[in-house]
Every structure is written in C-alpha cells, then in structure tokens.
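Descriptive analysis of the structure
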Amino acid sequence: SREWRLLSRPVGWPKPEDFELAEAEIRRPGPGEVLVRNAYVSVDPYMRGRMSSAKSYVAPFELGKAMQGGAVGEVVASEAEGISAGDHVLHFGGWREYATFDAGQAVKVDPEAAPLSTYLGVLGMTGLTAYAGLLRTAAFKEGDSVFVSGAAGAVGSQVGQIARLKGASRVIGSAGSDDKVKLLVEEYGFDAAFNYKNGPVAEQLRAAAPDGIDVYFDNVGGDHLEAAIGSLNMKGRIAVCGMISVYNNTEPAPGPKNLARIIQTRGRIEGLLVGDHYDLQPQFVQEVGAWVRSGELKYRETVVEGIENNLEAFLGVLRGDNTGKMIVKL
Ligand code: NDP
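These lines cover the structure that appears in this document, whether it is placed above or below. (Residues numbered from 1 in each chain as written. Predicted model: local features only at pLDDT ≥ 70, side-chain atom pairs only at ≥ 80, totals over all residues.)

**What about helix α6 (residues 222-230)?**
All of the buried residues along α6 are Gly 222, His 224, Leu 225, Ala 227, Ala 228 and Ile 229. On its buried side, α6 packs onto β8 (145-148), β9 (170-175), α5 (201-208), β11 (213-218), β12 (232-240) and α7 (261-265). (Buried ≥ 20, exposed ≤ 12 C-beta atoms within 10 Å, placed from the backbone. Helix = DSSP H or I, 4+ residues; strand = E, 2+ residues; numbered from the N terminus. Contact = placed C-beta atoms within 7 Å.)

Structural data, given as structure tokens:
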C-alpha cells in the first residue's frame, strides 16, 4: 500500500522534494478498528497549514509519517461493532491507498444516496463550510448583496448559489480565469463575475456591485479583502473563511489599508471554522441535498486519477487548476 509522507516543512511553495510516496504495510484491524481501501481522497488548501510547524487549529503533519485528510473508501475488514466489510465510510485517513483506524473516526455514507465523491465536496466539509459561513457567520438575510471570492472553487461556488437560492438581491463572484467567470454567470446564476487577474479587484468589484455589498465571503484575503471593505454597505458582514493568497507567503502579508471603513459602516469581520458548525450538518444535508437532486444547485468536481498524483492535485488547488472540488480518485 502506498502513502504520502511529509519529509521536510516547505518554505514558500511546496516542492516535490518535501514529500515522498512510500510503501507501507497494510495493518490488520485490531479490536474496534477497521481497514479501509480508499476510493476518493480529498486535497484541500488547509493542508498547506499542516505542512508548517506554526501553531494552528489542527496539529502539524508529523515528518516521516503518512499525511492525513478527508477520504471515502470501502471497508475491507472490520473488528468494530456496527461496521462491516462492504460498508462505505468517510474518514480522515487520506493521502494513502489503505488506512487502518479506530471505527469511531469513521462515518458511514451511502453510495446509493449520492456519488461517493460528493461526501468530500458538495455534501461534505466544503459544502458545510459554505452553508454555515454564509448563513451563520455572515448572518445572510434575504435581499443582501453578496460577494464571494474563489467563486469557482468548492466552497465559493456553493456560497454564491446558496445566496441566490435564498433570495440575495445580487450575487457577485471573482475567479482566476475567464472560463471560470463564464461558468459563474452562465451555469451557477451569479449576477456578475470578474477575473481578478484582469485588473485591480477594487475597481472590478465597484463596477460589478455599483450599490455596494452587504456580505463578503472571503476565501482569498489580500487585495480581495481590502476591496470588499471598500465596497461594504452599512452593517455589512465579512466572513473570513480562508486566505489562500497568502498561504505560501514567507513574510506576513500587509493588512487592509482601509480598515477604518469598518467604523463608518458599523461592519463586522468574523472568522469561521467549519469544525464549529457540525450541529448544522443534518439541516445542511437536507436542504442542499434537495437542491442538488432538483438541479437548482450545480456543482463541479476536478478529478485527478491515481495516488501517485495526490501531491500534484494538491499543488493544483493552490494554483487554481480546479473548478469545484479537487478530488483524487484511486
Ligand atoms: P477551492 O476549490 O476554492 O480551490 C482553491 C482556489 O483558490 C483555486 O482553485 C484558485 O482558483 C484560488 N486561488 C489560488 N490562489 C489564489 C490567489 N492568490 N488569489 C485568489 N484566488 C486564488 O478550495 P476550497 O473551496 O476547498 O477552499 C476555499 C477557501 O476556503 C480556502 O481559502 C480554504 O482554506 C478555505 N476553507 C476554510 C475552511 C474553514 O473552516 N475556515 C474550510 C474549508 C475551506 P482561481 O482560479 O479562481 O484563482
């Protein structure tokens, strides 16, 4: 069984030499454990943080050991009550072909109810992030004008569509290619979208949202955050979900120069962590699951094949190779 290990902590952009694809023995499950053959493995931007030793909300990956991450697979052997061979489970033993772990860390999923990969994306962690971040952190309400960055990605594409379905007055998105911008408007029903690489974000946002914005869902940080503060309406809310533009920085990024506008607008900037919002999971799956089934909410996945391409898939997320959730199929 092959597994990806972190050999050294990347400085700046991760390099192939920082990692190794190693052979590992498949361990038989002990009491209470299951052995799972992974079918789909997730790669996510937050994993960049775990490659560094800086203190954060999840422990750093251990050097020389298999990395972790979301994965869905089939149980091939079980010594745990309530889970048997043939069951499918969502768990955290990603970046590897086979994983043996305590059954308490696994959640059973139904391959008949939805394609297995969706438990990592539209109906999984990134979907819940979008749902909780928009509805709870940003306190979205009908009639709000909503701007989301990283809008063609897993979280962002769902934020924009949930806002539209819940009665936003205007939904604006930004993304890094003209094709992605076209997708936002034509397939996801955004009212306006722009390519942040085509010109200053602040100018493009002002043109796309001449009446300002009530909510900004931040996936990017940097000049996007500054632009959003500049366009924020009275009592505007900014949910800070991610800051992917700074994850590979070796120096701290400068803060927004116009922060005083938060006083003028009585605005609010609040960070969010999906792990705080799992109480919304049943409501999220019910509501978003229905929209996915009816076709009112659309999603894309970029699927890379083969464990040997797990690292490239991860780097691809940081580069923007993906449209929708980036997934590795084994
Ligand atoms: P995405 O599917 O959105 O993939 C990341 C995207 O970021 C890329 O496709 C790329 O798209 C864009 N990107 C990369 N570099 C830059 C840059 N310099 N400026 C602007 N955009 C850039 O990933 P996710 O949906 O999984 O995650 C989105 C964000 O949400 C991330 O910041 C992530 O860390 C965060 N997150 C936070 C969670 C939490 O609990 N707080 C949980 C899950 C995710 P493009 O082509 O448009 O540049």
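**Some thoughts on the sheet that holds strand β13 (residues 268-271)**
Reading across from one edge, β10-β9-β8-β11-β12-β13 is the order of the six strands in this open sheet, with parallel pairing throughout. Of all strands in the sheet, those bounded by a partner on one side alone are β10 (192-195) and β13. Each strand axis lies, on average, 15° off the axis of its neighbour in the sheet, ignoring direction. Judged from the four bridges that link them, β9 and β10 form a sheet pairing that is parallel. Its bridge partner lying in β10, Gly 173 is registered against Ala 193. Across the face of the sheet, helix α4 (residues 178-186) comes into contact with β9 and β10 while running at roughly 175° to β10. (Pairing = 2+ DSSP bridges. Axes fitted to C-alpha atoms, helices over the stretch in contact; angles between N-to-C directions.)

**Observations concerning the nonpolar core**
If you look at the biggest cluster of nonpolar residues, it comprises 89 residues, and the most contacted ones within it are Leu 134, Val 146 and Phe 217. With seven residues, helix α2 (residues 125-137) is the single largest residue contributor to this core. Residues lining this core come from more than one domain, with at least three contributed by each of domain 1 (2-121 + 300-329) and domain 2 (125-275). Ignoring anything within four residues of it in the chain, the contact list for Leu 134 reads Phe 140, Val 159, Ile 162, Ala 163, Phe 217 and Ala 239. (Core = buried A, V, L, I, M, F, W, Y, C linked by C-beta atoms within 7 Å. Domains from an automatic or database assignment.)

**Comments concerning the packing of α5 against α6**
It is the contact of α5 with α6, at a shortest axis distance of 8 Å, that shows an interaxial angle of 40°. Of the possible angle classes, the one that applies to α5 and α6 is oblique. Crossing hand, α5 versus α6: right-handed. Each of Val 201, Ala 202 and Leu 205 in α5 lies in contact with α6, whose residues at this interface are Asp 223, His 224, Glu 226, Ala 227 and Gly 230. When grouped by side-chain class, the residues that make up the contact of α5 with α6 number four nonpolar, two polar and two charged. (Parallel < 35°, antiparallel > 145°, perpendicular 65-115°, else oblique. Left-handed = near helix turned anticlockwise from the far one by under 90°. Nonpolar A, V, L, I, M, F, W, Y, C, P; charged D, E, K, R; others polar.)

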